[in-house]
Amino acid sequence: MELDVVVVATGTANLASVLAGLKRSGARPRLARSPAEVLTAPAAVLPGVGALGTAMGKLVRDEMVPALQERIAAGLPTLAVCLGLQLLAEGSEESPGVPGLGVFPGMVTRYPDSVRVPQMGWNKIQADPGCQLLQAGYAYFANSFRLEAAPPGWMAAWCDYAGPFVAALERGPVLACQFHPELSGDFGQALLTRWVERARQGGE
Amino acid sequence: MLAARIIPCLDVRDGRVVKGVRFHGLRDAGDPIALAAEYEAQGADELILLDVSATPEGRRTARETVAAVRAQLSIPLCVGGGVREADDAQALLVAGADKVGINTAAVRRPELLTEISERFGRQCTVIAIDAARNAADTGWEVVILSGKERLELDAVGWACRAAELGAGEILLTSWDRDGTRIGYDLDLLRTVSAAVNVPVIASGGASTPEHLLAGLQAGASAVLAASIFHFGETTVGSLREYLARHGVEVRR
């Protein structure tokens, strides 16, 4: 049976790729219509490209903030992609003064000018031993900002661009990827499929 | 370490892939959906689709092509052609593009780059620059309208300005080399890559593995080619093996 997934609109595009990737992974995605739906759906996705301040503004206006915070705190199946991962942090250098969802402690910082910014392309990630969903391989990144340290209580996959940074985080069925699984070829497709399978089993 | 990207380019007009010498005398090289699937299977790191349609009907067909390509494609898709305002970019993104290439319209109104990058992010905003050696042979000038108009605008300066205004990547095509098969303009690549801190995609003139390697060694983060793929002269996979043998980090 296909898994029903609600996708939270962050006001920024590339939704078509996320929806296409989810469909290929055995999910039936649709856009979330209400905060209640985001809180109770079997699975939810928080995608995002663009600036953190803009996306947070949209989440606040749509009253999605408490629903997302409660959902992730409860360990319900949730996938955050790219900016979605950064939204889970306390904030970002990109949008000073704008609080993130604060699901975990830590600030998102910009890559130094010693490397080309944005990081654009395929980079190799390594998963911490014990990761259930994340595995090693090449993943596609398109980001100017990153999380440098993994928050306590989360398993991480790591990557290197001007030093180590967090490529992805997982805690039970909650998965947050700095890279784009929906654009990461067979590697990303396999990860999405594992997450959909895990989400079918429900929360922690 | 970030891997070098190999990017096949599909020039699409009215829903069909075309590619000709210097964009004139177009030859039909196939169905974009089938070609996109083939290139992904070969190991392409990304695809660029340039819509060279001249009519509104052609543009609509191109958006349908983007949607059909997107449904099956699990690698990044950049789409350019006909983007005159931020809403045009949005239409392409909604159809299934991950990045949008902007060319002539940004030269005419540079703020467009800021508008698009503020709405959709820098990583989504690709400035496409067609550059030709100037008559005095002192540098490169920007060419717009698919070669119909040469400007006195310095291509290197324009690349820097575009990056400052919000472009997160530069698709740099040598107008002198495009369609010639004699290799990228390496001086142009070296000069622009050194002048900006965003990734540069080399385009125009590549027909051999050596050309691709030289483009990367000149500072490009990615190498684009079209006809060498469309007519089956080589595959992405064999080019990737060649690059790996020569010490280039590639996706495996």
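See above for the structure.
Residues numbered from 1 in each chain as written. Chains lettered and ligands numbered in written order. Predicted model: local features only at pLDDT ≥ 70, side-chain atom pairs only at ≥ 80, totals over all residues. Heavy atoms only, no water.

**Here's the deal with the interface of chain A and chain B**
Size of an interface: often given as the accessible area lost when the parts come together. Rules: The contact definition used throughout considers only heavy atoms, calling two residues in contact when any of these lie within 4.5 Å. Once two parts are put together, the accessible area they lose, assessed with a 1.4 Å probe and summed over both, is termed the buried area. Strands here are runs of E lasting at least two residues and helices are runs of H or I lasting at least four, both read from the DSSP assignment and numbered beginning at the N terminus.
In this complex, chain A contributes 32 residues to the contact, which on the side of chain B involves 40 residues. Roughly 2,600 Å² is buried in total at the junction of chain A and chain B, and carbon and sulfur atoms are behind 53% of that figure. The three residues of chain A that bury the most area against chain B are Arg116(A), Met120(A) and Trp122(A), which together make up 29% of that side's buried surface. With six residues, strand β7 (residues 119-127) of chain A is the largest single contributor of residues to the side of chain A that touches chain B.

**Some remarks on empty space enclosed by the protein**
Inclusion rule: Lining residues are those with an atom within 4 Å of a point, where the points come from a 1 Å grid over the protein atoms alone and group into cavities, where a 1.4 Å probe fits but cannot get out, or pockets, open sets with protein on both sides within 12 Å along at least five of seven lines. Grid points are joined across faces, edges and corners, and a volume is the space filled by probe spheres set on the points. By the convention adopted, Pro, Cys, Tyr, Trp, Phe, Met, Ile, Leu, Val and Ala count as nonpolar, Lys, Arg, Asp and Glu as charged, and the other residues, Gly among them, as polar.
If you walk through the whole model with that rule in mind, you get three cavities of 30 Å³ or more. What lines the largest cavity is Asn14(A), Val49(A), Tyr140(A), Ala142(A), His180(A), Leu183(A), Asp98(B), Lys99(B), Gln123(B) and Cys124(B). Broken down by class, the residue content of the lining of the largest cavity amounts to five nonpolar, three polar and two charged. Every residue along the wall of the second largest cavity is listed here: Leu172(B), Ser174(B), Tyr184(B), Asp185(B), Leu188(B), Leu189(B), Ala202(B) and Ser203(B).

**Describing the pattern of salt bridges**
Residues and elements named next belong to chain B. The test is simple: Salt bridges are defined as contacts in which a side-chain nitrogen from Lys or Arg sits within 4 Å of a carboxyl oxygen from Asp or Glu.
Considering all chains together, one arrives at 25 salt bridges over all chains under this definition. We note a salt bridge from Arg5 to Glu169, for which the minimum N-O separation is 2.7 Å. Placement of Arg5 in strand β1 (residues 5-13) and of Glu169 in strand β10 (residues 169-174) is noted, with a sequence separation of 164 residues between them. Its salt-bridge partner being Arg181, residue Glu233 comes within 2.7 Å of it at the nearest N-O pair. Here the residue Glu233 occupies a position in the loop between α9 (227-230) and α10 (236-245), and Arg181 occupies one in the loop between β10 and α7 (186-195), the gap between them amounting to 52 residues.

**Details of the sheet that holds strand β5 (residues 91-92) of chain A**
Residue and element names in this part refer to chain A. The condition that has to hold: Only when DSSP finds a minimum of two bridges between them are two strands counted as paired.
If you walk across this open sheet you meet the three strands as β5-β6-β9, and the pairing is mixed. Every other strand in the sheet has two partners, leaving β5 and β9 (145-146) as the edge strands with one partner each. Alignment of strand β6 (residues 107-110) against β9, held across two bridges, turns out to be antiparallel. Bridge pairing in β9 links Thr109 to Arg146.

**What to know about the sheet that holds strand β3 (residues 43-46) of chain A**
All names here are of chain A. Worth spelling out the cut-off: Every axis in this analysis is a line fitted to C-alpha atoms, fitted for helices over the stretch in contact. Angles between the N-to-C directions lie between 0 and 180 degrees.
In space, the nine strands of this open sheet follow the order β2-β1-β3-β4-β12-β11-β10-β7-β8, with mixed pairing throughout. What marks the edges here is a single partner per strand, and that holds for β2 (27-31) and β8 (137-143). Each neighbouring strand pair of the sheet contributes to a mean axis angle of 25°, computed without reference to strand direction. Bridge count between strand β1 (residues 3-7) and β3: three bridges; the pairing is parallel. Bridge pairing links Val7 to Val45 in β3.

**Points about helix α6 (residues 155-165) of chain B**
Stated formally: Three labels apply to residues, based on accessible area from a 1.4 Å probe with only protein chains included: buried if under 20% of the type maximum, exposed if over 50%, partly exposed otherwise in between. The arc under discussion is defined with respect to the helix axis, by the directions toward the C-beta atoms.
What α6(B) keeps buried is the set Ala155(B), Val156(B), Trp158(B), Ala159(B), Ala162(B) and Ala163(B). Axial view of α6(B): buried residues confined to an arc of 160°, hence all on one face.

None of the figures reported here should be taken as evidence of function without further support.
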